[in-house]
2 protein chains.
Amino acid sequence: MKADFIIKNAMVFMTFRQCFEKRDVAVAGEKIYAVSPALSCTGVREIDAEGKYLIPGLIDIHMHIESSMTYPEEFSRITLPYGVTTVVADAHEIANVFGIKGIRWFMDQKTQQDIFYAIPSSVPSTRPEFETSGAEIGEEEVRQLAADDRVLCLGEVMNARDLTSEADTKIRRLVRICREKGGGRALRIEGHCPKITGAELCRFIYEGVDADHTQQSSESVLEKTDLGMFLELQYKSLTKEVVDTVCEHQLYENVALITDDTMPDQLLHGHLNRITAHAVKQGMPAEKAVYCSTYTPARRMHLDDRGIISPGKLADLVLLSDLEHFEPDMVFKRGRCVFEKGKPLQQGEIRQKDAAQEFYHSVHCRQAVPEDFVLKTDRNCSSVEVSVMEIQKFGTFTRHGIRRLDVKDGVICWQEAGLSLAAVFERYGIRGTVSYGLVDGAFTGPGAAATTWSHDCHNLLVLGNSPADMVAAQNRILEIQGGYVAAFDGKVQAEAHLPIGGILSDRPVEELAQQLAQVRDAMRRLGYENNNEIMSMSTLALPVSPELKLTDFGLLDVKSQSRIPLIQGV
Amino acid sequence: MKADFIIKNAMVFMTFRQCFEKRDVAVAGEKIYAVSPALSCTGVREIDAEGKYLIPGLIDIHMHIESSMTYPEEFSRITLPYGVTTVVADAHEIANVFGIKGIRWFMDQKTQQDIFYAIPSSVPSTRPEFETSGAEIGEEEVRQLAADDRVLCLGEVMNARDLTSEADTKIRRLVRICREKGGGRALRIEGHCPKITGAELCRFIYEGVDADHTQQSSESVLEKTDLGMFLELQYKSLTKEVVDTVCEHQLYENVALITDDTMPDQLLHGHLNRITAHAVKQGMPAEKAVYCSTYTPARRMHLDDRGIISPGKLADLVLLSDLEHFEPDMVFKRGRCVFEKGKPLQQGEIRQKDAAQEFYHSVHCRQAVPEDFVLKTDRNCSSVEVSVMEIQKFGTFTRHGIRRLDVKDGVICWQEAGLSLAAVFERYGIRGTVSYGLVDGAFTGPGAAATTWSHDCHNLLVLGNSPADMVAAQNRILEIQGGYVAAFDGKVQAEAHLPIGGILSDRPVEELAQQLAQVRDAMRRLGYENNNEIMSMSTLALPVSPELKLTDFGLLDVKSQSRIPLIQGV
């Protein structure tokens, strides 16, 4: 036998039966060579795995590296030790800032983790007349990307309105290009369709989008399943109700576990392994959770060379002590041990991304002044009705509220009404505009935060209760050319630097996470209450996430994709 | 709604839950437009399917059109009414006779049924030094075929010995070409590995062959499943034992139902629908049998556009009255009704294949004379020990027997010993040789049969108990330039004409089936006892089907792929 080493006596995951059996696994080069109840070979190294579980490397088929505010090399360094050996990254944040050039920079990075790519389908997320992005992904870019073997799918198609229109919209053209690629073997078309149901859902799927990774309910799981959709379940979808539904109806074949967005501070505690553990905690049998984070995602993405421990497949292997925490003892990537518990991580890849100089200095807008945050009206009246984005305590959806605010000397008294002001500074130097929205449920007292990490266009979003703090935060973002800043008392309290495109750090994630934790703490001290303050604030600018959002063009009703005036009747 | 028609009130197969629910299904053009509990649209035709079952079109991913002794157009005409809307054909018989030219002729035929192709991996089935075929499929042919979008896989790799050798054998090179096609999205590699187990099976799978369609036992099902093999179950594999194993371990995801070989006379009674019914009869729940003949085969072949009744997928639909017989009431192919019970079949496609003149007149060998069937030995002895192919009553495997036969005047007395003589006339005009073998369990009295439909090389095989009958049969085959002939009393008793390449009829299957039934009857009257006389005799020449077989080079031990002398000690 020409094996390089043998993992002996492990309880090995039998993918097609979703159970564990005691087996020896021989590895030769990058591949699994043999799986047998008893293997031995003189002169070949043996790893005793008695009492341990051996599962295939985890495969995350829907995620955004930029959600961790880092770049592929660094992402790979951090997440391989969690057993995540393959990801399919939808680099739509870097694409919104730099277009295909940004995606190519990602793809050019050398990583031990296999990083495949989704083509960002919605850059910008809606249309150029609703929001200003740094770049667009159009037909030509899609064609170029689709020709690359590392590109497996069109990423989260979300504009249901344009997709299901009779007109020849851009998204319909992009979907067509991807469906036509290579005859029968087209790219997968991934969707983002929360709250779409019935005839509209049929129409959405009819166009070729047959996966969804957004939040699910028991009803949506069953409806989408029966209409042939593959479901990708992230943390927020793994409610008891949804897990019970998946288990009751044995939907495992049709389900993959995914991360979608992992913040840098979360990233230090785990990645898809944590989601897998969470699924188990929520009641999914461990064997099924392993199946849904290894085999079903591989199959969905046509990655026939992995996701199962069988001869000839890639030797992407994770050794575990238990099926509860999913914290690896050892991780093998393509037959190489890339992590062993108790041994220091390989540090070779930690380095400042100085190779990416062309991606620095990308925030181009003027400094704010206090007057920017005084909301005026021409109307000669004592009060006005305004539309308000109501932040929820959980999740990123807002509700569209209506409030009557006093007007004094032509100035709308939003501060007195206990609201926060949101301002979006177009930051690509294209329009030079500022737009405004009002927010309920953000900060409880004075203070502000500002960021260029504001999905998906990453314009400069400022949110605050006091103009002085808003000015301080906005100005600091310009100085550091991107990041997340919290201010209080006219001074910056915490900051995370994101100098690459205004959205990515060039420092090790450990360092970035510390910075971000400080920003989070500062936001909480200012009264921001949400399960994820950062994501909650950043998605205030995301016009495809319900219900009312703010772009550099102003407020947008997400479902109808129509502009909403801040002041009613205007 | 832009639907063309709506099928109302059917019990529709919910693929991902493997159950039936009452739904309406709207079809627009070639695709399913919507699936909903209640659809209606004024002016759109409605088909009332109350009380009926609607399932996706059946998909057969491992089969040989030539086994039905016919050509694609005719095959499509006969099998679409059975609900078989897609097949993946391994045209390795026509390839053995005419090479890639024969495959191209198949692919060029216009059929309503979608016919995809497997690349014949083993043409000839072993090596040119073991058998003479009309053509070879080599690296260049594989490259050409792999580039065609209708080609989905490399077909049944069977030469385990060459595949797992360390040497750079032809089959290893062919597998490599197919694995490397298009990066991650390689072709499927289909296998043929009966009786291979343990380390040898690991090694076989390691080379990339991860499906098998040969006969299974409960043990082989579990071993292959645990090693990551996809199992394609044909009639002979659907034993109670195997079905019980599949059901007990819930292996449906990993199983597809297939036909492999369907004789022309069988073809008049059904195709994959009959296998599906048989699986149900053997204890597989009907919902699982439907799943394994629609969705799992589509997925195995990366046919993401079909195999499920959901919006955007092909409107390949079968309406059934029950889930027991699987005899369709209506069949839709790409949204068109192609069969309705009680209405005559479309006859448009029945016509003699006169377009294929270049594929006629392909049997090139001399006429046999009585002396050809006298077996002599140089040895001066009164008896010799000979190797005998022992035909079984069921299946195509032979056993290797040893018998001592009298020798009189240098002539081996095989007739007196109750044996039959098999002779293979090389018929491509290349070597002009005749080889001999002895058979136990064929005819019980005088008589003979001859055929050019002798797998895989389709040389002229003559089998008989009396030289005069053998001469008559052989001579008649030459006259009709291919077919199946049975002779008795020095005269032809029955014959089926296969003038295209010596293996295909140019007549409607109904006519061919009658001819073949007469040959079968004649063989039975001559004492041939096997569940499929035709297949049993034809595979006497197939040197990859255990245990001892006869090619134009002589006897071959299949497992060791070594030549065996007819007379021991020679």
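Above: the structure in question.
Since the structure is predicted, the reported quantities are computational estimates derived from the model, not experimental observations. (Residues numbered from 1 in each chain as written. Chains lettered and ligands numbered in written order. Predicted model: local features only at pLDDT ≥ 70, side-chain atom pairs only at ≥ 80, totals over all residues. Heavy atoms only, no water.)

(A) How the structure looks around the overall build of chain A. A count of helices and strands for chain A gives 16 helices and 28 strands. Relative to the 2.2 N^0.38 estimate, which gives 25 Å for 570 residues, the radius of gyration of chain A is 24 Å and therefore close to what a compact globule would have. Counting only C-alpha atoms, chain A reaches 90 × 50 × 45 Å along its principal axes. For chain A, the residues scored as buried account for 68% of the 570 residues in total. In chain A, the proportion of contacts linking residues at least 24 apart, taken out of those at least 6 apart, comes to 68%. Summed over all atoms, the accessible surface of chain A reaches about 19,100 Å², with 48% contributed by carbon and sulfur. (Helix = DSSP H or I, 4+ residues; strand = E, 2+ residues; numbered from the N terminus. Rg over C-alpha atoms; globule rule 2.2 N^0.38 Å. Buried < 20%, exposed > 50% of the residue type's maximum accessible area, 1.4 Å probe, protein only. Contact = heavy atoms within 4.5 Å. Areas by Shrake-Rupley, 256 points an atom, 1.4 Å probe, with all protein chains shown as cover.)

(B) Just the side chain of Arg-188 of chain B, in detail. Tracing the sequence through the fold places Arg-188 of chain B in strand β10 (residues 188-191). For Arg-188 of chain B, a relative accessible area of 11% puts it in the buried group. Polar side-chain contacts of Arg-188 of chain B include one of 2.4 Å to the backbone oxygen of Arg-300 of chain B. Apart from the residues lying within four places of it in its own chain, the contact partners of Arg-188 of chain B are Asp-304 of chain A together with Leu-152, Cys-153, Leu-154, Arg-299, Arg-300, Met-301 and His-302 of chain B. (Polar contact = N/O pair within 3.5 Å; in protein donor to acceptor, adjacent residues only side chain to side chain.)

(C) Summary view of the interface of chain A and chain B. Contacts between the two partners involve 45 residues from chain A, matched on the other side by 45 residues from chain B. With both chains or domains summed, chain A and chain B bury close to 4,100 Å², and 50% of this area falls on carbon and sulfur atoms. At the junction of chain A and chain B, the tally comes to 8 salt bridges. For Asp-226 of chain B, the salt bridge goes to Arg-23 of chain A, with nearest N and O atoms at 3.6 Å. The tally of links from chain A across to chain B stands at 12 residue pairs in polar contact (both at pLDDT 80 or more). Looking at the side of chain A that touches chain B, the elements with two or more residues in it are β2 (19-28), β3 (31-36), β9 (151-157), α7 (198-206) and α8 (218-226) of chain A. Ranked by the residues each element gives to the side of chain A that touches chain B, the list is headed by β3 of chain A, at 5 residues. Looking at the side of chain A that touches chain B, its residues break down into 18 nonpolar, 10 polar and 17 charged. (Buried area = accessible area lost by both parts, 1.4 Å probe. Salt bridge = Lys/Arg side-chain N within 4 Å of Asp/Glu carboxyl O. Nonpolar A, V, L, I, M, F, W, Y, C, P; charged D, E, K, R; others polar.)

(D) Representation of the sheet that holds strand β18 (residues 398-408) of chain B in the model. Residues and elements named next belong to chain B. Overall, mixed pairing links the 9 strands, which are arranged β19-β18-β17-β21-β20-β23-β22-β24-β25 in an open sheet. Strand pairing shows two members of the sheet lacking a second neighbour, β19 (411-412) and β25 (491-497), which therefore form its edges. Bridge analysis of strand β20 (residues 420-425) against strand β21 (residues 434-440) gives 6 bridges, and the strand direction is antiparallel. Among the inter-strand pairings, Phe-425 is bridged to a residue of β21, identified as Val-434. Packing of helix α14 (residues 467-480) onto the sheet brings it into contact with β20, β22 (448-451), β23 (460-464), β24 (483-488) and β25, and relative to β24 it is tilted by some 150°. (Pairing = 2+ DSSP bridges. Axes fitted to C-alpha atoms, helices over the stretch in contact; angles between N-to-C directions.)

(E) Molecular detail of the packing of α8 of chain A against helix α9 (residues 240-248) of chain A. All names here are of chain A. One can describe the packing of α8 onto α9 by two numbers: an axis separation of 8 Å at closest approach and a directional angle of 35°. Touching Ser-218, Glu-219, Val-221 and Leu-222 of α8 are Glu-241, Val-242 and Thr-245, all from α9. Tallied by class, the residues present in the contact of α8 with α9 amount to 3 nonpolar, 2 polar and 2 charged.

(F) Spotlight on the relation of the copies chain A and chain B. Superposing chain A onto chain B takes a rotation of 180° plus a shift of 0.0 Å along the axis, which leaves an RMSD of 0.0 Å. On this basis, the relationship between the two copies can be described by a two-fold rotation axis. (Least-squares fit on C-alpha atoms with pLDDT ≥ 70 in both.)

(G) Just the packing of helix α3 (residues 100-108) of chain A against helix α4 (residues 139-146) of chain A, in detail. Residue and element names in this part refer to chain A. The interhelical angle for the contact between α3 and α4, taken along N-to-C directions, is 15°, at an axis separation of 11 Å. Considering their axes alone, α3 and α4 lie roughly parallel with respect to each other. As α3 runs across α4, the sense of the crossing is right-handed. Mapping the contact onto sequence places Ile-100, Ile-103, Arg-104 and Met-107 in α3 and Glu-141, Gln-144 and Leu-145 in α4. Considering only residue class, the contact of α3 with α4 consists of 4 nonpolar, 1 polar and 2 charged. (Parallel < 35°, antiparallel > 145°, perpendicular 65-115°, else oblique. Left-handed = near helix turned anticlockwise from the far one by under 90°.)

(H) Summary view of the pattern of salt bridges. Residue and element names in this part refer to chain B. Inspection of the entire model under this criterion finds 92 salt bridges over all chains. Ionic pairing is found between Glu-21 and Arg-17, a salt bridge with its closest N-O pair at 3.0 Å. By relative accessible area, which is 17% here, Arg-17 ends up buried. We note a salt bridge from Arg-366 to Asp-372, for which the minimum N-O separation is 2.7 Å. Judged by its relative accessible area of 9%, Asp-372 falls in the buried class.

(I) Region of interest: the sheet that holds strand β27 (residues 554-557) of chain B. All names here are of chain B. The 3 strands are arranged β26-β27-β28 in an open sheet whose pairing can be described as antiparallel. A strand with exactly one partner marks an edge of an open sheet, and here the two such strands are β26 (548-551) and β28 (562-564). When the angles between neighbouring strand axes are averaged without regard to direction, this sheet yields 45°. Alignment of β26 against β27, held across 4 bridges, turns out to be antiparallel. In the strand pairing of β27, Lys-549 is matched with Leu-556.

(J) Examining the pairing of strand β18 (residues 398-408) of chain A more closely. Residue and element names in this part refer to chain A. Where strand β17 (residues 383-391) meets β18, 9 bridges bridge the pair, whose relative direction is antiparallel. Each bridged residue has a counterpart across the sheet, and for Ser-383 the counterpart in β18 is Asp-406. Counting the residues in the hairpin turn of β17 and β18 gives 6 residues, including Gly-395, whose phi is positive at 90°. Across 2 bridges, the pairing between β18 and strand β19 (residues 411-412) is antiparallel. When the bridges of β19 are listed, Lys-408 appears paired with Val-411. Once β18 ends, the chain turns through 2 residues before running back antiparallel as β19, passing Asp-409 with a positive phi of about 55°.

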